[in-house]
Amino acid sequence: MVRKLSPERRDRLMTAALNLFVTKGVGNTSTAEISREAGVAAGTLFLYFPTKQALIDELILSIGREQSAFIQELITPSLSARQTFFTIWQGTIHWFMEHMGAYQYVQQVRDTGMISASAVEASAGFFHYYYEAIQKGLTEGSIKNYPMDLIGGVLYQSIVAAMNRLRMEPDLAKQEECIQQGFDIFWDGIKSR
């Protein structure tokens with residue numbers, strides 16, 4: 001007989017893992033600690049995630065799915081390239097500010113080799129709107145003809161720079177000003193003259 005797995009228990013395990021990974025670090029967190037934090041028996045985690053790597057990957061995929069769904073709700077085809085980039089910029093920052101644990105986890109594991117190649121490839125599919133915005137800008141002639149992966153990388157790293165500044169700014173009005181200023185710096189670097 002096949003055992004039915006509980007979606008609620010799976011979510012508890014993922015939440016516990018995220019909290020521990022953010023506070024202790026991925027490498028310093030054992031699967032036993034995750035199980036204990038989730039309130040399940042030690043072996044239960046492996047019914048849901050056969051390895052710690054599978055859990056690490058599923059967390060990054062889950063975060064990517066949620067963030068992507070949020071951003072895609074904000075983007076409409078009628079937006080210009082600049083408006084689309086700003087929508088992605090502002091939406092990503094607001095989503096990360098509301099999901100700080102997710103942001104901290106992504107920063108911890110992104111570009112470190114902790115995520116499997118298959119998870120990196122799968123998560124890239126969630127963020128197609130980055131490249132659609134770039135293509136729109138190239139088609140409009142509103143951005144310079146730089147390589148797409150370079151523009152996408154600069155966009156993401158610029159968002160990280162803004163996030164690092166925003167995390168130290170408690171004033172909401174100043175946060176919005178910083179979001180705009182960060183975007184202006186990014187846009188001024190890629191816009192065509």
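Structure: see above.
Throughout what follows, the structure given in this document is the object of discussion. (Residues numbered from 1 in each chain as written. Predicted model: local features only at pLDDT ≥ 70, side-chain atom pairs only at ≥ 80, totals over all residues. Heavy atoms only, no water.)

With that settled, consider the environment of Tyr130. Within the secondary structure layout, Tyr130 lies in helix 8 (residues 128–140). Taking the C-alpha atoms as reference points, Tyr130 and Ile88, 42 residues apart in sequence, are found 7.7 Å from one another. For Tyr130, the contacting residues outside a window of four places in its chain are Ile88, Thr92, Leu155, Tyr156 and Ile159. (Helix = DSSP H or I, 4+ residues; strand = E, 2+ residues; numbered from the N terminus. Contact = heavy atoms within 4.5 Å.)

Residues of helix 6 (residues 100–109) that are buried include every one of Ala102, Tyr103, Tyr105, Val106 and Val109, and no others. Down the axis of helix 6, the smallest arc covering the buried residues is 165°, so these residues share one side. Structurally, helix 6 contributes buried residues whose contacts are with helix 1 (7–24), helix 4 (52–74), helix 5 (81–98) and helix 9 (148–166). Immediately downstream of helix 6, the backbone of Asp111 shows phi near 65°, a positive value. (Buried < 20%, exposed > 50% of the residue type's maximum accessible area, 1.4 Å probe, protein only. Arc of directions from axis to C-beta.)

Next up on the list: the packing of aromatic side chains. Under the definition given, this model contains 14 aromatic pairs. For the ring pair Phe126 and Phe127, a centre distance of 6.5 Å and an interplane angle of 80° mean the geometry is edge-to-face. Phe127 carries the same exposure label as Phe126, and that label is buried. Ring plane angle 15° and centroid distance 6.1 Å describe the contact between Phe183 and Trp187, whose orientation is recorded as stacked. Residue Phe183 and its partner Trp187 are located together in helix 10 (residues 172–190), separated by 4 residues, close to a single helical turn. Judged by relative accessible area, Phe183 falls into the buried class, the value being 0%. (Phe/Tyr/Trp six-rings, centres within 6.5 Å; stacked < 30°, edge-to-face > 60°.)

This part covers the side chain of Ser68. Here Ser68 shows up in helix 4. The residues contacting Ser68, other than those within four sequence positions of it, are Phe126, Phe127 and Tyr129.

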